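# Chains, contacts and geometry: an overview
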Amino acid sequence: MDRVALRGLKARGHHGVFPREREEGQTFIVDLVLGLDTRPAAADDDLAKTVHYGIVAEEVVAVVEGEPVNLIETLAEHIAQACLKHEGVQEVEVTVHKPDAPITVPFDDVTVTITRSRV
């Protein structure tokens, strides 16, 4: 399976279990790896035969900016389901970064990574 990756998609969301997170929001960063067969698109040099990653990026940002959820695990699941709605995408790996998580000790990042597929 071929891979198309989008790294560092940024959007502001209001996800989290604490009131401050819901009220103020914070930046979330999303990395995607889409699994699909790119051979038909490459053979015909035809965008319609692959995934339009610009549209996928816009849809992922809309999910992050959309309805708040408590957990980044849930957010990752919603993002994965949005990606799998694209006909050619057979598998997706989603990493959600929450660099401003409410943790009381120094840290660089918090991430959740999930992999979902049609099969």
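Going by an unreviewed UniProt entry, the protein chain carries the name 7,8-dihydroneopterin aldolase and comes from Streptomyces chromofuscus. According to UniProt, the comment filed for the protein chain under the heading Pathway (unreviewed entry) is "Cofactor biosynthesis; tetrahydrofolate biosynthesis; 2-amino-4-hydroxy-6-hydroxymethyl-7,8-dihydropteridine diphosphate from 7,8-dihydroneopterin triphosphate: step 3/4." Taken directly from UniProt, the Catalytic activity (unreviewed entry) text for the protein chain runs: "7,8-dihydroneopterin = 6-hydroxymethyl-7,8-dihydropterin + glycolaldehyde".

It is worth spelling out the sheet that holds strand E2 (residues 26–36) at this point. Taken in spatial order, the 4 strands line up as E1-E2-E3-E4 in an open sheet, and their pairing is antiparallel. The sheet is open, and its two edges are formed by strand E1 (2–13) and strand E4 (111–117), each paired on a single side. Across this sheet, the average inter-strand angle for adjacent strands is 15°, counted without regard to direction. Note: strand E3 (residues 91–97) against E4, 7 bridges, orientation antiparallel. Its bridge partner lying in E4, His 97 is registered against Thr 111. Against the sheet, helix H3 (residues 53–65) contacts E1 and E2, and its axis sits at roughly 35° relative to E1.

What follows is about the UniProt feature "domain: Dihydroneopterin aldolase/epimerase" (unreviewed entry) in the protein chain. The UniProt entry lists residues 4–116 under the feature "domain: Dihydroneopterin aldolase/epimerase" (unreviewed entry), expressed in the numbering used here. Segment residues 4–116 splits into 34% helix and 30% strand. End C-alpha atoms: 15 Å apart.

Let's shift gears to the pattern of salt bridges. Applying the stated criterion across every chain yields a total of 6 salt bridges. Measuring nitrogen to oxygen at the nearest pair gives 2.6 Å for the salt bridge that ties Lys 98 to Glu 21. Placement of the pair is Lys 98 in the loop between E3 and E4 and Glu 21 in helix H1 (residues 19–24), with a sequence separation of 77 residues. Side by side, Lys 98 and Glu 21 carry an identical accessibility label, which is buried.

Residues Val 17, Phe 18 and Leu 71 make up a contiguous nonpolar surface patch of about 280 Å² in total accessible area. Considering the arrangement of structural elements, one finds Val 17 in the loop between E1 and H1. By relative accessible area, Val 17 is classed as partly exposed at 49%.

Conventions adopted
- Residues numbered from 1 in each chain as written.
- Predicted model: local features only at pLDDT ≥ 70, side-chain atom pairs only at ≥ 80, totals over all residues.
- Heavy atoms only, no water.
- UniProt positions renumbered as here; feature names shortened; annotations may be inferred.
- Pairing = 2+ DSSP bridges.
- Helix = DSSP H or I, 4+ residues; strand = E, 2+ residues; numbered from the N terminus.
- Axes fitted to C-alpha atoms, helices over the stretch in contact; angles between N-to-C directions.
- Contact = heavy atoms within 4.5 Å.
- Salt bridge = Lys/Arg side-chain N within 4 Å of Asp/Glu carboxyl O.
- Buried < 20%, exposed > 50% of the residue type's maximum accessible area, 1.4 Å probe, protein only.
- Patch = residues over 30% accessible without salt bridge, like charges linked within 9 Å, V, L, I, M, F, W, Y side chains within 5 Å.
- Areas by Shrake-Rupley, 256 points an atom, 1.4 Å probe, with all protein chains shown as cover.

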